[in-house]
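Topology and contacts: notes
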Amino acid sequence: MNVTIDESWKQKLAPEFKKPYFDSLVDFVKSEYANHRVFPPGKKIFSAFDHCSFDDARVVIIGQDPYHGVGQANGLCFSVSDGIRTPPSLVNIFKEINDDLGKPVPASGNLERWADQGVLLLNATLTVRASSPGSHQNKGWEEFTDAVIRVLNEEKEHLVFMLWGSYAQKKGAIIDRSKHLVLESAHPSPFAAHRGFFGNKHFSKCNTYLKEWELEPIDW
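The structure presented is a predicted model; accordingly, all values stated were derived computationally and were not measured. (Residues numbered from 1 in each chain as written. Predicted model: local features only at pLDDT ≥ 70, side-chain atom pairs only at ≥ 80, totals over all residues. Heavy atoms only, no water.)

**Describing helix 3 (residues 20–35)**
- Counted at 1.5 Å a residue, the expected span for helix 3 with its 16 residues is 22 Å, and the 23 Å between its end C-alpha atoms agrees.
- Those residues of helix 3 that are buried lie in contact with helix 2 (14–17), strand 1 (38–39), strand 4 (128–129) and helix 7 (141–155). (Helix = DSSP H or I, 4+ residues; strand = E, 2+ residues; numbered from the N terminus. Expected span 1.5 Å × (residues − 1). Contact = heavy atoms within 4.5 Å.)

Next comes the structure, spelled out in structure tokens:
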């Protein structure tokens, strides 16, 4: 199957595109886009990979579902398109960056500038039906994104994985802590941020680690 995705990822994930589950997933997603309002726009399903090639990836942040409101999802976890109100979890992420690094809170919640620096903003599920959170879970996306994490873990070194909340931590359980830095804390949502996300200093810890391995730090 010919999947429109960055060439570096296309090569690394080629085995997945040939598996029966992926054929079933494609059929499901095509049907959903044909019959319902689905986010993100079809051309942005693989935006996380198009903005951050396999070779450039230095940091991985794992989310769960795309936003399910109109105009929000742009294919990058926690990110929204320009001109869209910053969602509560991202507000808290920006607060932590401000507290950790002293950087001002940006006006836009579009995180493409992170992705373009080598931050893979990976949702576990890459599509969702409008106003129906979780609607595309358990259709094959999780198997695909598990394969993404697996190939990163196995074929790269000195990545920084940020795992916020129990869902991301379970998904990242396979990561080899001896060759990558794994940062874990509570989720940044308003329901959990005060239980350990605030004050986690993940952004400074990430950059310290990258510098130790003579890798370019991220301009958060």
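**Observations regarding the sheet that holds strand 2 (residues 59–63)**
- Here four strands make up an open sheet; going across it, the order is 3-2-5-6 and the pairing parallel. Looking along the sheet, the strands with just one partner apiece sit at the ends: strand 3 (119–123) and strand 6 (181–185). When the angles between neighbouring strand axes are averaged without regard to direction, this sheet yields 20 degrees.
- Sheet topology places strand 2 next to strand 3; five bridges connect them, and they run parallel. Across the sheet, Ile61 pairs through a bridge with Leu121, a residue of strand 3.
- Those strands touched by helix 9 (residues 202–212) are strand 2, strand 5 (160–164) and strand 6, and its axis lies near 165 degrees from that of strand 5. (Pairing = 2+ DSSP bridges. Axes fitted to C-alpha atoms, helices over the stretch in contact; angles between N-to-C directions.)

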